[in-house]
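Structural characterization, general
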Amino acid sequence: MSEEKMQKTKAKEPKKKDAGKVFLSELSKSSTTVTILAIISGLILGGLLVALTTEEVYTAPSFGEGLKVALQAVWKTYEALFTGAIGTPSKIVAALQSGDAEAIRRAFNPFFESLVASTPYIFAGLAVALGFRVGLFNIGAEGQIFIGALCAVTAGIYLKGLPHIIHVPLSMLAGALGGALWGFIPGILKAKTGAHEVINSIMMNYIAFRLSEFFLTGLLKDPDKFIPVSAKIEESAMLTRFFAHPIRFHSGFFIALLMALLVYILLFKTTWGFELRTVGANMNAARYAGMNIVVNTVIAMSLSGALAGMAGANEVLGINHNLAVAFSSGYGFDAIALALIGKSHPFGVILAALLFGFLRNGAVQMQLTAGIPIDIISILQAFILAFIAAPAIIRTIYRLKEPDFEEAGVKLSGWGGN
Amino acid sequence: MDPVLELRGITKRFPGVLANDHIDLTLEKGEIHALLGENGAGKTTLMNILYGLYDPDEGEVFVKGNKLEVNSPSDAIAAGIGMVHQHFMLVPVFTVTENVMLGYENLQPNGLLDRQTAAARIREISEQYHLEVDPDLYVKDLSVGAQQRVDIIKLLYREADIFILDEPTAVLTPQEVDELFTIMRKLVEKGKSIIFITHKLREVLEFADQITVIRGGKVVGSTTPQEADQRLLASMMVGRAVELNVDKKPADPKDAVLKVENLVALDDRDQLAIDGVSFEIRSGEILGIAGVQGNGQTELVRVLTGLAHPVDGEITLLGEDITGASPRKITELGTAHIPEDRQRDGLVLNFPIVDNLVLNTYYIEPNARGVLMQQDILLKTADDLINKFDVRTPNSVTTVGSLSGGNQQKVIVAREFSRPIKMLIASQPTRGLDVGSIEYIHHRLIEKRDAGVAVLLVSTELDEVMQLSDRIAVMFDGKIVGVLPAAEATKEQIGLLMAGVVSTAAEA
């Protein structure tokens, strides 16, 4: 047995501790620490990848020169990522000094654009996280987003003459209901027949994609346009934008935060949430305690679908103002990753969604100025995710302590099992 | 000559617990060495170290005088150490031969499995040790005792010299236990050596050559059956004088609370599990159900508590027909249920204690008002219950999964006993608990009986059933094969009923 392991085990023994040590030890056991270190490690590995794929590193005359070039490339990449996600400090200062309103808006735009990018992630992340809490893997968020968008756009176009204050909630609700239906179907199939929700929600994705294409090439198609795209929604159905051009930041962000709060209250403060979480954490105990597994499964899948549907509604009502084919760039699938990063907790999901939104938005700039392909962000996300999924790696690298008892925030039912 | 196996100063720490504290143990060739201790004393940890599943923090293992480095079970097997686990490591849908070959396959020259040679070798071993196992049968068709013998064959096939048997008698009928001990004698006659882990005093005194008692991770003494008696061993195990018998007043049964008539039910594989069972339990009495595990007791409890539905028959609770009723309805009528598998059914391990204490009352005032859970009230109630039921925990928001088995069981008892109940269904209420917790739970069960609750006690521990029950019903093959007044029943009588050998007319 190794010396090092022995010391580690010895350190676990409870001895007289002062407050600082207790804090450090708790910090070391905390899963949040793991998450943060996973993100940092992901960034480091991403940097390494950038360095390794920079051609100049290999043609450099000496090792020292090569290292310098590599570091420069990494710096440039992350600098571009940062300015793309948040803004260029010098530009912001200059704009503020000039006092020109449009210049100021342009300077701050990257930051707001990141928030805009985060918003659908929050909705979709909440959807998947809610499912996880109930032990359900809603892989159908993407399809629910499409149906949500389809319903919201329909409400936005065909309901006319309504005041803004009614039209917007109504269109959002339409999106939520559409998504809920798309979650309800795999939910009821799972509850009544035991058909695995993963399979069925994937199938529902395809139906959703083709269904939206069907409507976009037919009933919903804007006759004036050559491409399959819907007409614009009524002005009264558009989510409020708080600033003038070019800032697209809109009220959807705050609706998303509100939903996170509601999901939090539902899950952790109500008897319904207690049932949902119990079903998710131990279905046998839930049955023993007299809870209705069928009802809870169906409700959870429907709510999850509704949240994903709102992600779609948010995009068409807040940003696009119409529906196009393939309007969602895989929010529903990224949502699975960020629900995991956020430990399936509503507030964790907000943070993870912001991380994803800022990375995604910054990546566009990174591609333009540093010439680094946007895919590096996907790789970076993959690294972060792999580390979070395998906390043992992070705990070993950074010599963290094992938690006393692993609190499983997420517990998924196995294939065909219960 | 060097001893076959020697452990020197084995120490293993877990967070906050010293599981093994400088344990020394010497196993001589041809010896049956009983390792006696309560659950949680560190027996299993010690054996897992020996078997390479854990690394010790300190200490060394010697096999026949050579220092042994075990990093995995395969190292242990290579050194001739084999383990028969409490739950057999067998694949039910494989034949005996396939199970024995698993992980140790020999091949024909063409690369296919060589079942013939393996089967021949198994027959040879089986005859040599009188194990009576047919290598061509499927494991799922074998009796529990025969499955255990397959596990033993597995070790002999791998040429193990040192056998570790972990609670081997827990799943056997008294008659099968005797057979097992005959086999163990045979093994040591042929030069094998056995470490035999148990907490049953009777078996130790009857069958061991040498006894080592451990408590709290330390060796508290070594003795032999000739020198020791039950009382001495029990006090060594627990660290204080133990009352081995449960004190109770004679029962004063009143009106019938639960009536079961001609109940028929299937198990989860749709096989007939309960075959026409009828009985009744009256207020203020304990009806014990004895039987070897897997004779329908589990399904009976599941049907009575609404977790499974019967295909035929009638169940009446307090005059109300509850055949096929939901668990919630049965609970609300005043039934408490201590489930057989507390971690599977009774608790949500990664929920805090406070949530587990309201697992089936979370929606009732004052725990909730409308749909809002009243966290303050829950926390206060939890603190009261933790005090009253003596749950050892830092606080009420500790996850139940981090508690010891005994304390987990106390959480269930606290939850089920803290509401007004008329019927108590306790299934294996003391399984895996230490003597102290067992005493405590027994005491509470008697208390409920005296308070006029009808108690159904299902246990595979015959001693427990005999001590606590007022009447004993024996289940065999889905039927109640006999109901005896506890005062008149003898162990032999019940043992034979449990084995299905004799069947008296069932009279409930």
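Each remark here, short or long, concerns the structure printed above.
The present account deals with the structure reproduced in this document. This one's a predicted model, so the numbers in the text were calculated from it and none came from an experiment.

Next up on the list: the overall build of chain B. Helix and strand counts for chain B come out as 17 helices and 22 strands. For chain B, whose C-alpha radius of gyration is 24 Å, the value lies close to the compact-globule estimate of 23 Å for 508 residues. Counting only C-alpha atoms, chain B reaches 70 × 50 × 50 Å along its principal axes. Burial analysis of chain B (508 residues in total) assigns 55% to the buried set. Of the contacts formed within chain B by residues at least 6 apart in sequence, a portion of 67% connects residues at least 24 apart. Of the roughly 21,400 Å² of accessible surface on chain B, a fraction of 49% belongs to carbon and sulfur atoms.

Here the focus is the interface of chain A and chain B. Many authors give the size of an interface as the accessible area that is lost as the parts come together. With 28 residues of chain A in contact, the opposing surface of chain B contributes 37 residues. Each partner contributes to the roughly 2,900 Å² buried at the junction of chain A and chain B, and carbon and sulfur atoms together form 62% of this total. Viewed at the interface, chain B and chain A are joined by zero salt bridges. Counting across the chain A and chain B interface gives eleven residue pairs in polar contact (both at pLDDT 80 or more). Counting residues per element, the ones that place at least two in the side of chain A that touches chain B are α1 (3-12), α12 (271-281) and α13 (283-288) of chain A.

Once that is clear, we can look at the pattern of salt bridges. Residue and element names in this part refer to chain B. Throughout the structure, instances matching the rule amount to 38 salt bridges over all chains. Close ionic contact of arginine 471 with glutamate 285 constitutes a salt bridge, the shortest N to O distance being 2.8 Å. In this pair, arginine 471 is assigned in strand β21 (residues 471-476) and glutamate 285 in the loop between β12 (272-282) and β13 (286-290), connecting sequence segments 186 residues apart. The pair formed by arginine 471 and glutamate 285 is uniform in burial state, with each residue classed as buried. With a closest N to O distance of 3.1 Å, arginine 344 and aspartate 345 form a salt bridge. The class for arginine 344 is partly exposed, based on a relative accessible area of 34%. Residue classification places aspartate 345 among the buried residues on the basis of a relative accessible area of 8%. By sharing partners, the salt bridges in this structure join Lys248, Arg449, Asp450 and Asp470 into a single network.

Rules used in this analysis
- Residues numbered from 1 in each chain as written.
- Chains lettered and ligands numbered in written order.
- Predicted model: local features only at pLDDT ≥ 70, side-chain atom pairs only at ≥ 80, totals over all residues.
- Heavy atoms only, no water.
- Helix = DSSP H or I, 4+ residues; strand = E, 2+ residues; numbered from the N terminus.
- Rg over C-alpha atoms; globule rule 2.2 N^0.38 Å.
- Buried < 20%, exposed > 50% of the residue type's maximum accessible area, 1.4 Å probe, protein only.
- Contact = heavy atoms within 4.5 Å.
- Areas by Shrake-Rupley, 256 points an atom, 1.4 Å probe, with all protein chains shown as cover.
- Buried area = accessible area lost by both parts, 1.4 Å probe.
- Salt bridge = Lys/Arg side-chain N within 4 Å of Asp/Glu carboxyl O.
- Polar contact = N/O pair within 3.5 Å; in protein donor to acceptor, adjacent residues only side chain to side chain.

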